[in-house]
Amino acid sequence: MHLPREVKEKFSWIPDRYLGWRSPDNIETVTGNRLWEWFSFGRYGVGGYDVRQQKFLGERWPTELGEEWKQLSLRYQAQVHQVALQLLRALAISLGRDEHEFEKPFDIDHEENPSFMAWNWYPPVKDDANNLPPRLHAHADMDIITLLMQRPGDTGLEIAPGKDVDVNPELDKLGNAWNAVPTAKHWTPVDPLEGAFTVNLGDGLAWWTDGLFRSTYHRVRCPSGNDSRGARMSVPYFVNPNLNFKFQGPEKKYPPLTGFDLLAKTGNAYEARKNDPEGKWQKAAYMKAPDANPQPHSVTA
Ligand SMILES: O=C(O)CCC(=O)C(=O)O
Ligand SMILES: [Fe+2]
């Protein structure tokens, strides 16, 4: 994230395309803080897919970062993806479903698979920082699963798994897995372990299991007490199903959803937040009942 701003601006995040740099100026407007910056890219760099037009846009690599960086990120994504496939097999077995059911639509060699990684950069805070809003707002990832690499020593990540969230039964009845996480009863720190990934379950998996698996609600609190006031870095890898793959739970509790729909949700959440400085974005992003046939990028929530 230490690239000059002009360089980063060339790769600005566009909700329709969902990849690229999100400036700290247009995120976290809810709390007024400027505590988080994000750069996401996939196997095609910041190219990828136009979610609204549902088309593949081709490769686009920031050449400023060099060929070595590109090769390294390709290797990293390919290897993490293999770990993800093993986890998906284990999840399927634990549910008594076909061992390969969750693994099938994740062929990373195919351009239809929009799994991607991101770099999160949280600038240092002042020594006397106190009572600041979270560095990263509470949310659940909108993918299937996320393999998150945390840097040893960077404390601050907190989770509220299914048992620790209040599910609004009225909203849940509307058939929206996104409704499952409106309030956390309790936050549990998940500090980094050397050589280990933190794995979060995403909204897509909740959808696919009729809400049996709840997506992991999480946030990054601002440093306090003995936490380091230095910069925090983390690298999530978001596992997403093929764009035209349609998935639904065995009980059909929620309508079928495609990989495109899932990506469009990410864009919707971003737009809703950016255009809603009063903080209703979270409601919009997570509490909207889905259309039976969701339109990509309908920011109507
Ligand atoms: O910095 C972290 O550990 C959390 C990152 C995160 O939740 C995300 O990128 O979705
Ligand atoms: Fe997350």
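First, a word on scope: everything that follows refers to the structure included in this document. (Residues numbered from 1 in each chain as written. Chains lettered and ligands numbered in written order. Predicted model: local features only at pLDDT ≥ 70, side-chain atom pairs only at ≥ 80, totals over all residues. Heavy atoms only, no water.)

Moving on, we come to the site of ligand 1. Around ligand 1, the structure places 14 residues, and the nearest of them are Asn 120, Tyr 122, His 218, Arg 232 and Ser 234. Residue Asn 120 places a side-chain N or O atom 2.9 Å away from an oxygen atom belonging to ligand 1. Residue His 218 places a side-chain N or O atom 2.9 Å away from an oxygen atom belonging to ligand 1. For ligand 1, whose free accessible area comes to 290 Å², the fraction covered by protein is 97%. Only strand S5 (116–122), strand S6 (136–139), strand S13 (217–220) and strand S14 (232–239) provide two or more residues apiece to the shell around ligand 1. Element by element, the count of residues in the shell around ligand 1 is highest for S14, at 4 residues. Here the shell around ligand 1 is composed, by residue class, of 8 nonpolar, 4 polar and 2 charged. (Near = heavy atom within 4 Å. Polar contact = N/O pair within 3.5 Å; in protein donor to acceptor, adjacent residues only side chain to side chain. Areas by Shrake-Rupley, 256 points an atom, 1.4 Å probe, with all protein chains shown as cover. Helix = DSSP H or I, 4+ residues; strand = E, 2+ residues; numbered from the N terminus. Nonpolar A, V, L, I, M, F, W, Y, C, P; charged D, E, K, R; others polar.)

The subject of this paragraph is the sheet that holds S6. Strands sit in the order S6-S13-S8-S11 across an open sheet of 4 strands; the sheet is antiparallel. In the strand order of this sheet, the two ends are held by S6 and strand S11 (188–189), each with one partner. Where strand S8 (residues 157–160) lies against S13, 4 bridges are found, and the strand directions are antiparallel. In the sheet register, Leu 157 faces S13, and the bridge partner there is Val 220. (Pairing = 2+ DSSP bridges.)

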